[in-house]
Structures are given as C-alpha cells and as structure tokens.
Amino acid sequence: MADIRSFDDMKEAGFGDFVQLLKPRVMSLVVFTALVGLLVAPVHLHPVVGFAAILFIALGAGASGALNMWWDADIDAIMRRTKSRPVPAGKVEAGEALGIGLALSGISVVMLALATNILAGALLAFTIFFYAVVYSMWLKRSTPQNIVIGGAAGAFPPMIGWVAATGYISVEACLMFMLIFMWTPPHFWALALFMNEDYSQAGVPMLTVTHGKKSTRKHIILYTIALVPFAIATAFTSIGGPIYLAVAVVLNAEFLRGAYRIWRRDEDQAAADKYKVEKSVFRFSLLYLFLHFGALLAEAALRPYGFGGW
Amino acid sequence: MTFKPEHEIHKRRFSRNLGVGTVLGCFVALVFALTVVKVTNGDMMHANDAPGLLGSTQPIVPKP
C-alpha cells in the first residue's frame, strides 16, 4: 500500500543528499571558470546580474550532474569511486534525480537567458544537452573517445561566462574553451591509469580498458603536446599578458615533463611505486588549470592599475 | 480548535523542508534584486527621456 508507512524502511534523504546530486565538486570548477570568463570580458555587468549569471551557470551544471546520476546509477553502483553517490546508495530514487535534473535545467536556462542574454541561455542549454545526452547516454558507454568529446561539456562554462557579459562569442572565449577541452583527456587518462579496475568492472570503455595502458600513455603525451599551443596562444589575445605568459610557459613545461615521464614508464615500473608519477601528474593537472585561469583573472584585476595586459 | 499532534514525518523531514524553504526564499530575493537592477538599469532612469515625448522630464524649449 502506497501510504506514508511504506516509506518507513527507506533511508531518508536529507537536503544534503539532494545537494550531492548536483556534484558540488564539479560545480566549484564550473563556478571558478565561468567567473573568470565573465570577469575578463571587456563588458562589465552589474554585480547582481553577474552573481545571477554565475549562479545559474552553476545550477545548469548541477542539473546535468543530476541527469548523469539518474542515467548512470547502474555503473555508479559498481565503481568504488561513485558507489556512495545518493542514487546507488539508495538515498534518492533515480526518478527523483531525473525530476530534479529536468526542473533545474529548465530553471537555469530560462533564468540565465532572462538575466543576461538569449545566446548565453542557449549555450547553457546546449551544454546540459551535451553532457546528459551526448556524453552520458551516448558516448560514455560506446567509445574510448568518450572523455575527449565529452570534455566539451566541461569546457563551455568560461565561454558562457564571457557570452553572458558581452553577448557574443570571440576568439578569447574559444581559446578558454580549447584550454579546458584539450586539458580534459590527459587529466582523465592519468586518473584512469591508476583507477583502471573501476572502469573495467563497470564496462566503461575507457582507453585504458580498450587499448591498454601503453596506448593510453602515448595518448597522454600526444594530447598534452596538442594542448600547449592553445594555452600559450591565449597569452597573445586581449585577455592575456606577461603574467599569464610567464605562468603558462612554466606550467606547460612542467605538464609536458610529467606527460613525458608517464609515456616513458611501463606497467612494471608504475606498479612498483604504486603509480606515483601518474598520481602526481593527475594532481598537477588540477593545479595547471586553476593557475591558468587564476593568471587570466590576475591580468584582468591588474589592468585598471596599468599592469595587466600588453 | 485543537491542532493534531505532529506526525513523525514532520520531524524527520525538517532539515529537507528547511533547506527547500530557504532556497525558495533566496530565489525570490534574487529575482526581486534582478528586477530592480533591470528596471533601474543601475540608476534611476526616466521613461521616454527625450524632449517633447510623452512623460519626458525635460522641458520643451519653443523654437524662436
């Protein structure tokens, strides 16, 4: 009987469990990159509008996270890294995650379009669609290139931030997009090298599962080489400057060195020191992205005092 | 008139209800703030602020 007593045995979901559905850690990266995209733009938004823009971009990212948790509940339950998420843990029903994901998608897109402009709202809608449908439903389980193309979803926030402020897409917005887009594969493949067991058990065709770790190591170095021109080129646009260039040169040299070390190692060496190099490159990759966007922010912050920019 | 004793679910769901209530309250406040900013556009504009238009606050100066 579907009355209130039948729910007594269920684990009760608290407010925090619904917040967990929105992937707050991913959201924090989205907030940071979108904020940088918005602040480095040549048009200054009213602080209330800027705050609303960032909030609704983050909410849109959260909505796509909830949709992802609804769709991927079966594989999340298998992987150690994800099995404590609210849906596989039995705290939130899959249908609730779907409902929250759809409702927040609609609210965030409409509110961003109303607060800033239609193009920003449309880009956010496309990002949610890309992450939930193209990545989660289609690519993730069908091709080892899943994270390469799926990385685009994570690359859109700074572009949306820029468009929210200016109303148009520019070369600067595209380069910020490319920076995250090209950074995603080496970042996730470094993770996959030492989390391989998880993905193979869940049947997710990560590159490490389908092509082996040797091939993954080669892919990491190739994608890192391809990333460098985009990271450096950003320095010579209107949002770049000497501070960014100096930071980018150092970070890219270090990232290349890390990718090279991963490429030169084999599985025996990696197993012997418990993937020490792979883990350190993975951690460094987080710092790499944070400092690139931090440098862009520094350029914008120093510009009024005559320091930032060329 | 007497109130019914509080059901156990009200206690159990208190944190969730409080959270949803707070979020909705913040949303209303944000929409209000956005409305004020959009309407005033940062400063108190006057509608149709061109000389001669209906509602203009600028005086019409007759041509000599």
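Predicted, not measured: the structure shown is a model, and the values here were computed from it.

Here is what the cut-offs are and how they apply
Residues numbered from 1 in each chain as written. Chains lettered and ligands numbered in written order. Predicted model: local features only at pLDDT ≥ 70, side-chain atom pairs only at ≥ 80, totals over all residues. Heavy atoms only, no water. Helix = DSSP H or I, 4+ residues; strand = E, 2+ residues; numbered from the N terminus. Buried < 20%, exposed > 50% of the residue type's maximum accessible area, 1.4 Å probe, protein only. Areas by Shrake-Rupley, 256 points an atom, 1.4 Å probe, with all protein chains shown as cover. Polar contact = N/O pair within 3.5 Å; in protein donor to acceptor, adjacent residues only side chain to side chain. Core = buried A, V, L, I, M, F, W, Y, C linked by side-chain atoms within 4.5 Å. Domains from an automatic or database assignment. Contact = heavy atoms within 4.5 Å. Axes fitted to C-alpha atoms, helices over the stretch in contact; angles between N-to-C directions. Parallel < 35°, antiparallel > 145°, perpendicular 65-115°, else oblique. Left-handed = near helix turned anticlockwise from the far one by under 90°. Nonpolar A, V, L, I, M, F, W, Y, C, P; charged D, E, K, R; others polar. Buried area = accessible area lost by both parts, 1.4 Å probe. Salt bridge = Lys/Arg side-chain N within 4 Å of Asp/Glu carboxyl O. Lys, Arg positive; Asp, Glu negative; His and termini not counted. pLDDT = per-residue confidence, 0-100.

A. Main features of the overall build of chain B. From N to C terminus, chain B includes 2 helices and 0 strands. Every one of the 64 residues in chain B was classed for burial, and the buried ones make up 12%. Of the accessible surface of chain B, which amounts to about 5,700 Å², a share of 69% is contributed by carbon and sulfur atoms.

B. Layout of the side chain of A:Thr127. Residue and element names in this part refer to chain A. Tracing the backbone shows Thr 127 in helix H6 (residues 118-139). With a relative accessible area of 9%, Thr 127 lands in the buried category. Among the polar contacts listed, one links the side chain of Thr 127 to the backbone oxygen of Leu 123, at a separation of 2.7 Å.

C. Structural view of the nonpolar core. All names here are of chain A. Within the largest apolar cluster, 103 residues are counted, with the highest numbers of intra-cluster contacts made by Tyr 288 and Phe 293. Counting residues per element, this core draws most heavily on helix H8 (residues 171-194), at 14 residues. Residues lining this core come from more than one domain, with at least three contributed by each of domain 1 (15-169) and domain 2 (171-310). Excluding its chain neighbours within four sequence positions, the residues that come into contact with Phe 293 are Phe 32, Thr 33, Val 36, Pro 158, Met 176, Leu 179 and Ile 180.

D. Representation of the environment of A:Leu296. Residue and element names in this part refer to chain A. Mapped onto the elements of the fold, Leu 296 is located in helix H14 (residues 276-302). Relative accessible area serves as the criterion here: at 1%, Leu 296 is assigned to the buried category. For the pair formed by Leu 296 and Ile 262, sequence separation is 34 residues and the distance between their alpha carbons is 29 Å. When sequence neighbours within four positions are dropped, the list of residues in contact with Leu 296 reads Val 36, Val 40, Met 176, Thr 234, Ile 239 and Tyr 244.

E. Representation of the packing of helix H3 (residues 47-71) of chain A against H6(A) within the structure. Residues and elements named next belong to chain A. Contact geometry for H3 and H6: axes closest at 9 Å, N-to-C directions at 20°. Classified by the angle between their axes, H3 and H6 sit roughly parallel to one another. You can see that H3 and H6 cross each other, and the crossing is right-handed. On H6, the residues that touch Phe 56, Ile 57, Gly 60, Ser 64, Gly 65, Leu 67, Asn 68, Trp 70 and Trp 71 of H3 are Leu 124, Ile 128, Tyr 131, Ala 132, Tyr 135, Ser 136 and Met 137. Here the contact of H3 with H6 is built from residues that sort into 11 nonpolar, 5 polar and no charged.

F. Summary view of the interface of chain A and chain B. With 19 residues of chain A at the interface, the matching set in chain B holds 17 residues. For the chain A and chain B pair, buried surface summed over both sides reaches about 1,400 Å², with 72% attributable to carbon and sulfur atoms. Across the chain A-chain B interface, the total number found is 0 salt bridges. Run the count over chain A and chain B and you get 2 residue pairs in polar contact (both at pLDDT 80 or more). Of all elements in the fold, only helix H1 (15-21), H3 and helix H5 (94-115) of chain A reach the threshold of two or more residues within the side of chain A that touches chain B. Of all the elements, H3(A) adds the most residues to the side of chain A that touches chain B, at 6 residues. Of the residues that constitute the side of chain A that touches chain B, the class distribution is 14 nonpolar, 3 polar and 2 charged.

G. How the structure looks around the side chain of A:Glu299. Residue and element names in this part refer to chain A. By the secondary structure assignment, Glu 299 is in helix H14. No salt bridge is formed by the buried Glu 299, whose closest oppositely charged neighbour, Arg 303, lies at an N-O distance of 4.5 Å. Setting aside its immediate chain neighbours within four residues, Glu 299 contacts Ile 239, Gly 240, Gly 241, Pro 242, Ile 243, Tyr 244, Gly 308 and Gly 309.

H. Focus on the confidence of the model for chain A. Taken as a whole, chain A shows an average pLDDT of 91; of its residues, 96% reach a score of 70 or greater. Across residues 5-9 of chain A, confidence stays below pLDDT 50; counting only partners more than four residues off in sequence or on other chains, it has 2 contacts.

I. Local environment of the domain arrangement of chain A. Residue and element names in this part refer to chain A. Examined at the domain level, chain A breaks down into domain 1 (15-169) and domain 2 (171-310). On a C-alpha basis, the centres of domain 1 and domain 2 stand 21 Å from each other. The interface is formed by 31 residues belonging to domain 1 together with 31 residues belonging to domain 2. Summed over both sides, the interface between domain 1 and domain 2 buries roughly 2,800 Å², with carbon and sulfur atoms accounting for 79% of that surface. Linking domain 1 to domain 2 there are 0 salt bridges.

J. Layout of the environment of A:Tyr260. Tracing the chain through its elements places A:Tyr260 in helix H12 (residues 242-264). For A:Tyr260, a relative accessible area of 42% gives the class partly exposed.

K. Up close: the pattern of salt bridges. All names here are of chain A. Scanning the entire structure with this criterion turns up 12 salt bridges over all chains. Glu 254 serves as the salt-bridge partner of Arg 257, at 3.3 Å between the closest nitrogen and oxygen. On the criterion of helical spacing, the pair formed by Arg 257 and Glu 254 is a turn pair, its members being 3 residues apart in helix H12. The structure contains a network of salt bridges with shared partners spanning Lys 213, Arg 217, Arg 265, Glu 267, Asp 273 and Glu 278.

L. Broad picture of the packing of helix H2 (residues 24-39) of chain A against H14(A). Residue and element names in this part refer to chain A. Two elements in contact, H2 and H14, have axes whose closest approach is 9 Å; the angle formed by their N-to-C orientations is 30°. Classed by the angle they form, the pair H2 and H14 counts as roughly parallel. Regarding H2 and H14, the two cross each other, and that crossing is left-handed. Facing Leu 29, Phe 32, Thr 33, Val 36 and Leu 39 of H2, the residues of H14 in contact are Leu 289, Phe 290, Phe 293, Gly 294, Leu 296, Leu 297 and Ala 300.

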